[in-house]
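Spelled out, the chains give:
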Amino acid sequence: MEPPQEQINGAGDCSVSGFDSAEKVIFRWDATASEEAREKMIFNDPQEVKLYLHAVDEIQRFVSSGGEIETRANSAIQIAMARLEDEFRNILVSHSSPINSDSLMSSSSSSHLEVEEDGSSNNGTNCNEEDEQEEEEADLLKRTGSSSGSVRLPTGRGSYSRSTSSIREIELIPIDAVVYLSWIARRMVSAGYLRECIQVYGSVRKSAVDSSFRRLGIEKLSIGDVQRLNWEALEQKIRRWIRAAKICVRVVFASEKLLCEHVFDSVGAVNIHEACFMETVKGPAIQLFNFAEAISISRRSPEKLFKILDLHDALIELLPDIESVFDLKSSDSIRVQAAEILSRLAEAARGILSEFENAVLREPSRVPVPGGTIHPLTRYVMNYISLISEYRPTLIDLIMSKPSRNATDTNSPEIDFSELENKVPLALHLIWIILILQFNLEGKSKHYRDAALSHLFIMNNVHYIVQKIKGSPELREMIGDLYLRKLTGKFRQAATYYQRAAWVKVLYCLRDEGLHTKGSFSSGVSKSALRERFKSFNALFEEVHRVQSQWLVPDSQLREELKISILEKLSPAYRSFLGRFRSHIESGKHPENYIKITVEELETEVLDLFEGLSATQHLRRRSE
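Calculation criteria
- Residues numbered from 1 in each chain as written.
- Predicted model: local features only at pLDDT ≥ 70, side-chain atom pairs only at ≥ 80, totals over all residues.
- Heavy atoms only, no water.
- Axes fitted to C-alpha atoms, helices over the stretch in contact; angles between N-to-C directions.
- Helix = DSSP H or I, 4+ residues; strand = E, 2+ residues; numbered from the N terminus.
- Parallel < 35°, antiparallel > 145°, perpendicular 65-115°, else oblique.
- Left-handed = near helix turned anticlockwise from the far one by under 90°.
- Contact = heavy atoms within 4.5 Å.
- Nonpolar A, V, L, I, M, F, W, Y, C, P; charged D, E, K, R; others polar.
- Expected span 1.5 Å × (residues − 1).
- Buried < 20%, exposed > 50% of the residue type's maximum accessible area, 1.4 Å probe, protein only.
- Bend = angle between axes of the 7 residues up to and from the residue.
- Polar contact = N/O pair within 3.5 Å; in protein donor to acceptor, adjacent residues only side chain to side chain.
- 1 Å grid on protein atoms, 1.4 Å probe; cavity = no way out; pocket = protein on both sides within 12 Å on 5 of 7 lines; lining within 4 Å.
- Points joined across faces, edges and corners; volume = space filled by probe spheres on them.
- Phe/Tyr/Trp six-rings, centres within 6.5 Å; stacked < 30°, edge-to-face > 60°.
- Lys NZ or Arg CZ within 6 Å of the ring centre and 35° of its normal.

Draft legend 1. The arrangement of the packing of helix α17 (residues 425-445) against helix α20 (residues 481-508) in detail. Two numbers describe how α17 lies on α20: the axes approach to 12 Å, and their chain directions differ by 15°. Between α17 and α20, the interaxial angle falls into the category roughly parallel. Crossing angle aside, the handedness with which α17 passes α20 is left-handed. Taking contact as the criterion, the partners of I431, I434, L435, Q438 and E442 in α17 are, on α20, Y483, L487 and K490. Along the lines of polarity and charge, the residues of the contact of α17 with α20 split into five nonpolar, one polar and two charged.

Structure follows, in structure tokens:
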């Protein structure tokens, strides 16, 4: 326990005894005289910290006491200050590790603790050591002009904030290290070593900011360098920049500012920490924002939209923090640069959306996709607008005008938004994109030679559009149930058209007309006509089965529904036809040449349809 101040000011024997003990502590940690002192650091051991700082304070009391003890005191103070300077530098250097974004996110709240000089938190548990240090902290607060009764620092490893709720200085220097630096700074300043303290701080912290930038992946790239990068590389750098920028503004820059204040405010020179802060971070800040500026003025293309929106969202989220951290007159240029970049990113997003609409409309591929499956363009566009819907809060603010059609352009669909007047402009743009996608798909469907496959292609693709809308709550809300019903009706209509085109000829073979001999209806059945009818049915069904087994309906539910719909028409018709005419065939020669398939076998073969089988797979399955 540290002796109370009253006892230290008492009898001379106590003072001399206290001085002698303190001097021994100082000499024991003299790095010039002890190998052990050179190899160890005081501030790695809290008990040694407490003992050493008490020794420094005790020696400091005698520097102007006169006589031999003053000489001894001055000599000991020089040794102590050299030692504290080394400790100060070591603490700064040892906590210049890369900033960890996970640690930033883990400190989502910032409740304040009262941190006492032993580094513990005053959370309701009082102990003797905390009581001992209360006097010293009260004295420190008197020197710094604080009105509270303790040093207020927030919870969390290295976490303290001031201006906005999102600022977290959590990974720059931990709380205990900040407190240690404050203790050392107080004693060095008290002993007349302010200049040395500032020099050590400035050299280490400037290096630390540069090191953090390198570790966070922030490269020194000019605007031209950024614009020459290929998109894949640039996309990775944007992702890294967003994470790094948040850490740089909220942690690195804010921490540098607050760390200066915590360490140097007690000296009473107001401008020292401000000048130190700007000297340390102005260059890195300009370097940081130059990257975002390069992206904002780069060539526009659809794949860049979401990263540009990510940049926009990150920057607009950071703007209050930027204005708070860079609130000095000398940092006006940094605040202005950030605001201008934000405006250019918004304009770039609007331009890219317009260019994407034109790209969907003009997509030129003419080669039909095999089996009438979902076209890559459909997948790309629907995935794209699903992502757009996830950025709805941002884009609703950025997209302020409705889509428009060039009246002289005959190669684009008509627009009628009269039923959608209550929709925001962004929703109208999404509907417009779906409309022009359908328009493009209709053109592509004409490249199929088989009309049934053309309809199946439209059914597959519009069904995919509907499912993507239903699968995204954000997109469904934007599109609305009215337009979704229209799309549902369209793919069901395409399914009906497919069945007509594919199965009418097959079902036509199962009619009665043309099978009866001339005369009354009941006069008899023409066996030759009946045989030809069975042969036609067998050939047509076999061809449909062979061809449509290679067609593809990717959605399992739609595929089963389509098969059931086919069987609901085909099975009863074939069963009835067999029931009426089987006996006429079986009474003749070689009935197996005409009745080649039972109703059950027909149903099984229909279930093979739309699996996307190759010709070889189809033959193998038929032979099993």
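What follows continues from the structure just given.
Draft legend 2. Spatial organisation of helix α8 (residues 175-190). For α8, with 16 residues, the first-to-last C-alpha span of 23 Å sits near the 22 Å given by 1.5 Å per residue. In terms of burial, α8 is a largely internal element, 13 of the 16 residues being buried. Following α8 by one or two positions, G192 has its phi on the positive side, about 90°.

Draft legend 3. Just helix α22 (residues 556-586), in detail. The end-to-end C-alpha separation of α22 is 39 Å, well short of the 45 Å expected for 31 residues at 1.5 Å each. At R580, α22 shows its maximal kink, close to 45°. Of the residues flanking the start of α22, the one acting as N-cap is D555, its side-chain oxygen 3.2 Å from the backbone nitrogen of Q557.

Draft legend 4. Quick look at empty space enclosed by the protein. Tallied over the full model, the rule gives three cavities of 30 Å³ or more. As a volume, the largest cavity reaches approximately 100 Å³. In terms of lining, the largest cavity is formed by G217, I218, E219, L221, K237, R240, W241, Q287, L288 and F291. Those elements giving two or more residues to the lining of the largest cavity turn out to be α11 (231-264) and α12 (270-296). When its residues are assigned to classes, the lining of the largest cavity shows five nonpolar, two polar and three charged.

Draft legend 5. Molecular detail of the packing of aromatic side chains. Within this structure, the stated rule accounts for 20 aromatic pairs. Note on Y498 and W551: the rings are 6.4 Å apart at their centroids and 65° apart in plane angle, and the pair reads as edge-to-face. With Y498 in helix α20 and W551 in the loop between α21 (527-548) and α22, the pair connects residues that are 53 residues apart, well separated along the chain. As far as the burial class goes, Y498 and W551 line up, both buried. The side chain of R511 reaches across the aromatic face of Y508, ending 3.5 Å from its centre. Of note, R531 hangs over the ring of Y594, and the distance from its end group to the ring centre comes to 5.9 Å.

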